[in-house]
Every structure is written in structure tokens, then in C-alpha cells.
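Structural characterization, general
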Amino acid sequence: MKAVRLHKYHQQPVVEEVPDPVVKGPLDVIVKVGGAGVCRTDLHIIDGQWEAAMDPDLPYTIGHENAGWVQEIGSSVTNVTVGDTVILHPTPTCGLCRACRAGQDMHCENSSFPGLDSDGGMAEYLLTSARACVKLDPSTRPQDVAALADAGITAYHAVRKAIPLLYPGTSCVVIGAGGLGHIGIQCLAALTASRIIVVDRNPAALELAGKLGAAHTVVADGNQVEAVAELTGGGAEVVLDFVAEEGAEQDGFAMTRPAGSYFVIGYGGTVHIPTLDIISTERNIIGNIVGTYNELAELMELAQSGRVTLHTKTYPLADALGAIADLDAGKVRGRAILVP
Ligand SMILES: [Zn+2]
Ligand SMILES: [Zn+2]
């Protein structure tokens, strides 16, 4: 099969022929990939930022946002059958550890992360597990939902955590209306009555944000912290930072009000905040990674009822490098999707 393989860090991946994956364990599932999202994390992987944390054997296949159709199942798989349309939780989990038993799939002690630590889904077929499969309505096109598997679940997870803080009358700032942010805005609009304020450098992204539920949009032109302070009367209860690099991580904390919460969802930067500022105003800094299986299933309810839609630009698998280059150049509105 064809797959997008990373041979060396700081070098573009290569689209090449590799053997098809095979079922080895009783709970293995092989999925024919119908859509594979291209993510900023893929750019960070190519840059070597994930090497220390994940350390995959190179070369390997990238791609961690996948949906498709079940192609083959192991002998003990009962929750899906060949031909089912599925979206895949990004981390196949063990189901037996304390985190799994608490439903915290992203903290499983024995999980893998295809596309980060092992072969992922920018390929014709992907090996995953029964526990990772969320069954979809057969009319769902995998390419329309694939990016919800990581970008979507991550945005949804942060919004879900913020809900108790976002009672009517509050403001929620969204920094970055790109791949994750545009999903986060729709989740906020579907699940809360909070006033949504979106900050982005790109006017086209802000225009999309307005259509998806933003009450106010703010151009990140250097005065964004002041603009948010003015709109919110001194800061927002919640800031969801989908960028968290190149200065956004300083802005994000500064946009919160006393007792407010700064959710870090994007990454790449470093937060420098005097501890005195944190204690004296009781502000919170909250990390977010992926989400739970149930959160992905909930998000798919929103997606299949049309309340969360992905804005996508599709590319054939063979043009993976074009998609990666477009994402890197800021030319993708919404999400780039490879369709094998
Ligand atoms: Zn991703
Ligand atoms: Zn586990």
C-alpha cells in the first residue's frame, strides 16, 4: 500500500510503497482509511519536537486523525464488523489500567499513539484496536469527519472541561480559529451560553469564526489584549488558547480576569508568568491533551446532527507533501484531509 513515511527529522516525509498491516492480536482492527487529517502536530513531528516523548523507529507512517471502514478484525472483536464506518480514537488503549477504568483514555498506561509512536493513518490501511473504534452512521463520509479524531476531540475535551465555568453572562476567548479553533467555537456555541470572542491574525479565519458563532472577533494586530479587556470589562472567565506559541501564550493568560482560567491546547511556546500573579488573582493554567473515548462519541453526535461541521480541503494521499506545505504556509482554512 501507499503510505506517508518520515525517514529523518527536519526532512519532508516520503510517499512510498510499504507492506499492508496485518492482524496480530485478538482485538486488532484494520481500517481502510477514508480520510486522514493533516495536523500542526505533523509539522511539529517533522521538526523533531516529539522525538524525545514518542521516539518512534524511523522510518514510520505519520497521521493520527483517521476515519474509514473496518477491513479486517481479530478473533475477539465484537463491537465492530467488516464494512462498518468508524472514526478512531487516536490512542488504542488497554482497558485494564486505572486510567482506562476511570474513562481517562488519554492517560492509559499501556496505549500506543499511531502516527506519533508507531505507524499511523496517512496510508491506505491502518492497524488499530477494537477499543479505539467509534461506529458511525454508514452514510457518514470518513473524509468529512476524520479530523474530529484528534483536532475535534482535543477541542471538544477542553470545551467540556470549561463548561462549569461558562455559565450565562460569562465570556470565553478563543485564540486561533484554525483547524482546532473552528471546531472549538462550534462546540462552545452548541454547549454553552457564554459570549464567544475569537482572536486571530487572519481576517479570513475571523470571518469564518463569525459564521460559526463568535459574538466578537478581534484581529491579533498587537492590541489584542487591550481589545479583549475592553470587550470583557477586565478579562474573560475562560481563555481557550489553540495557538500557545509565538506570543499567544503570554496574551492568553493576560486575557483572563481574576479567578479566570487559561486553557493551553496548542503548544510550542513557553509560559513565563510570575507566580505572584497566579496566587494573588487565583488564576488557573490548565493543560489539555486529546480526550476520552466518550467525548469522541459525544462529538460525533454533534457532527452527525450537523451542529459541528468541519471545513476541509481534501488532497489525494499522493499529494501529502502539498497538503503539509499548504498547512505550513497558512493556506488551509479549516482542515487539510488526505483521501487515499
Ligand atoms: Zn492532530
Ligand atoms: Zn489503559
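Below or above, wherever it landed, is the structure these notes cover. (Residues numbered from 1 in each chain as written. Chains lettered and ligands numbered in written order. Predicted model: local features only at pLDDT ≥ 70, side-chain atom pairs only at ≥ 80, totals over all residues. Heavy atoms only, no water.)

This part takes up the coordination of the zinc ion (ligand 1). Coordination of the zinc ion (ligand 1) by the protein involves Cys39 (SG), His64 (NE2), Glu65 (OE) and Asp150 (OD), with metal-donor separations of 1.9 to 2.3 Å. What the 4 donor atoms of the zinc ion (ligand 1) show is an angle range of 94 to 140° at the metal, which sorts the shape as irregular. Positions of the donor residues of the zinc ion (ligand 1) along the chain correspond to the pattern C-x24-H-E-x84-D. Each member of the pair, His64 together with Glu65, is buried. (Donors = N, O, S within 2.8 Å, 3.2 Å for Na, K, Ca; no water. Tetrahedral: all angles 85-135°; square planar, octahedral: opposite > 155°, others 65-115°. Buried < 20%, exposed > 50% of the residue type's maximum accessible area, 1.4 Å probe, protein only.)

We now examine the coordination of the zinc ion (ligand 2). Protein coordination at the zinc ion (ligand 2): the donors are Cys94 (SG), Cys97 (SG), Cys100 (SG) and Cys108 (SG), at 2.3 to 2.4 Å from the metal. Coordination at the zinc ion (ligand 2) comes from 4 donor atoms whose angles at the metal span 101 to 118°, giving a geometry best classed as tetrahedral. In the primary structure, the donors to the zinc ion (ligand 2) are separated according to the pattern C-x2-C-x2-C-x7-C.

Before going further, it helps to examine the environment of Ser194. Note on placement: Ser194 falls in the loop between helix H6 (181-191) and strand S10 (195-200). Judged by relative accessible area, which is 8%, Ser194 ranks as buried. Ser194 sits 21 residues away from Ala215 along the chain, and the two C-alpha atoms are 9.6 Å apart. With sequence-adjacent residues up to four places away left out, Ser194 is seen in contact with Leu166, Thr170, Ser171 and Cys172. (Helix = DSSP H or I, 4+ residues; strand = E, 2+ residues; numbered from the N terminus. Contact = heavy atoms within 4.5 Å.)

Here we take up the sheet that holds strand S4 (residues 60-61). Strand order in the open sheet made by the 3 strands is S2-S1-S4, with antiparallel pairing throughout. Each edge of the open sheet carries a strand with a single partner, namely strand S2 (14-17) and S4. Relative to S4, strand S1 (residues 2-6) runs antiparallel, the two being bridged by 2 bridges. Paired with Arg5 across the strands is Thr61, a residue of S4. (Pairing = 2+ DSSP bridges.)

Glancing now at the sheet that holds strand S14 (residues 284-287). Strand order in the open sheet formed by 6 strands is S11-S10-S9-S12-S13-S14, and the pairing between neighbours is parallel. In this open sheet, the two edge strands, each paired with only one partner strand, are strand S11 (216-219) and S14. Adjacent strand axes in the sheet meet at a mean angle of 20° when their direction is disregarded. Across 4 bridges, the pairing between strand S9 (residues 171-175) and strand S12 (residues 236-241) is parallel. From the neighbouring strand, Val174 faces S12, where its bridge partner is Leu240. Relative to the sheet, helix H8 (residues 224-232) contacts S9, S10, S11, S12 and strand S13 (256-264), its axis offset from that of S10 by approximately 170°. (Axes fitted to C-alpha atoms, helices over the stretch in contact; angles between N-to-C directions.)

Below, the discussion takes up the packing of H6 against helix H7 (residues 203-212). Packing of H6 against H7 brings their axes to within 9 Å, and their N-to-C directions diverge by 20°. Between H6 and H7, the interaxial angle falls into the category roughly parallel. H7 is crossed by H6, and the crossing has right-handed handedness. Contacts between H6 and H7 pair His182, Ile185, Gln186 and Ala189 from the former with Leu208, Ala209 and Leu212 from the latter. Looking at the contact of H6 with H7, its residues break down into 5 nonpolar, 2 polar and no charged. (Parallel < 35°, antiparallel > 145°, perpendicular 65-115°, else oblique. Left-handed = near helix turned anticlockwise from the far one by under 90°. Nonpolar A, V, L, I, M, F, W, Y, C, P; charged D, E, K, R; others polar.)

What follows covers the pattern of salt bridges. Taken as a whole and assessed by the stated rule, the structure comprises 12 salt bridges. The salt bridge involving Asp119 is made with Arg5; its shortest N-O contact spans 3.3 Å. On the criterion of sequence distance, the pair formed by Asp119 in the loop between helix H3 (98-101) and strand S7 (125-129) and Arg5 in strand S1 is long-range, its members being 114 residues apart. With a relative accessible area of 41%, Asp119 lands in the partly exposed category. Ionic pairing is found between Asp84 and Lys135, a salt bridge with its closest N-O pair at 3.7 Å. With a gap of 51 residues between them, Asp84 in the loop between strand S5 (66-73) and strand S6 (85-88) and Lys135 in strand S8 (residues 133-135) connect regions that are remote in the sequence. Overlapping salt bridges bring together Arg5, Glu16 and Asp119 as one network. (Salt bridge = Lys/Arg side-chain N within 4 Å of Asp/Glu carboxyl O.)

Attention now moves to H8. Listed in full, the buried residues belonging to H8 are Gln224, Val228 and Thr232. Take H8 and look down its axis: the buried residues cluster within an arc of 60°, on one side only. Elements that come into contact with the buried residues of H8 comprise S9, S10, S11, S12, helix H9 (248-254) and S13. (Arc of directions from axis to C-beta.)

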